[in-house]
Amino acid sequence: TRDWASAPRPAAPESSIRAWLLDMDSNGALLQYQSGAEANFDSVAQIVNLYTRVDSNGQTALDPLLFQDLGIKKVGHQRLIEKWFRKRTLRSTSKEVPLPFQ
C-alpha cells in the first residue's frame with residue numbers, strides 16, 4: 001500500500017506543454033493531447049506534481065489517472081509518457097534521478 005500524501009514529491013521540470021509532448025515523442029504523436037493538457041493545466045511542472053506519487057519508502061510512481069484525465073487510451077502513448085516519467089522524475093530509495101528537462 002502506498003502512502004501518497006505524506007511523502008515529499010520530486011522537483012518538477014519547467015517547460016511548455018508542447019515542448020514536453022515533443023520531448024516524449026519527437027514525431028509528434030502525442031501532440032493530439034496538447035489542447036486538453038493546456039486547457040486543464042498551467043504547466044508541465046503542475047502535471048508532474050499532480051501525477052507523480054511518492055510512497056513512504058521514497059519510491060515514486062506515475063499515477064495512471066493522468067491517462068484518464070488526458071484521454072490517453074493508446075497503450076503505446078501511455079508507455080511513452082511512463083518512460084519519460086521514469087527517466088525525468090521518478091526516483092528510488094537508492095538514488096535520486098536528476099531532472100535535466102528544461
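Our subject is the structure listed above.
Source: prediction; values computed, not measured.

Draft legend 1. Up close: helix H1 (residues 17–24). When H1 is considered as a whole, its buried residues turn out to be Ile17, Trp20, Leu21 and Met24. Within H1, the buried residues cover an arc of 95° as seen down the axis, which keeps them to one side.

Draft legend 2. Summary view of the packing of aromatic side chains. Summed over all chains, the structure comprises 3 aromatic pairs. Ring centres of Trp20 and Trp84 lie 5.8 Å apart, and the angle between their planes is 80°; this geometry places the pair in the edge-to-face category. With a gap of 64 residues between them, Trp20 in helix H1 and Trp84 in helix H5 (residues 75–88) connect regions that are remote in the sequence. For the pair Trp20 and Trp84, a shared accessibility class is recorded, and that class is buried. Summarising the aromatic geometry, the rings of Phe41 and Tyr51 are spaced 5.9 Å apart at their centres and angled 80° between planes, so their arrangement reads as edge-to-face.

Draft legend 3. Representation of helix H3 (residues 44–51) in the model. Turning to H3, its buried residues number three or more, namely Val44, Ala45, Ile47, Val48 and Tyr51. Down the axis of H3, the smallest arc covering the buried residues is 160°, so these residues share one side. Against the buried residues of H3 lie H1, strand E1 (52–54), strand E2 (60–62), helix H4 (65–70) and H5.

Draft legend 4. Summary view of the pattern of salt bridges. Inspection of the entire model under this criterion finds 2 salt bridges. Between Asp63 and Arg53 there is a salt bridge, with the nearest N and O atoms lying 3.2 Å from each other. Placement of Asp63 in the loop between E2 and H4 and of Arg53 in strand E1 is noted, with a sequence separation of 10 residues between them. With a relative accessible area of 16%, Arg53 lands in the buried category. Glu82 is the salt-bridge partner of Arg79, the closest N and O atoms lying 2.9 Å from each other. Residue Arg79 and its partner Glu82 are both found in helix H5; the two are separated by 3 residues, about one turn of the helix. By relative accessible area, Arg79 is classed as partly exposed at 44%.

The rules behind each value
- Residues numbered from 1 in each chain as written.
- Predicted model: local features only at pLDDT ≥ 70, side-chain atom pairs only at ≥ 80, totals over all residues.
- Heavy atoms only, no water.
- Buried < 20%, exposed > 50% of the residue type's maximum accessible area, 1.4 Å probe, protein only.
- Helix = DSSP H or I, 4+ residues; strand = E, 2+ residues; numbered from the N terminus.
- Arc of directions from axis to C-beta.
- Phe/Tyr/Trp six-rings, centres within 6.5 Å; stacked < 30°, edge-to-face > 60°.
- Contact = heavy atoms within 4.5 Å.
- Salt bridge = Lys/Arg side-chain N within 4 Å of Asp/Glu carboxyl O.

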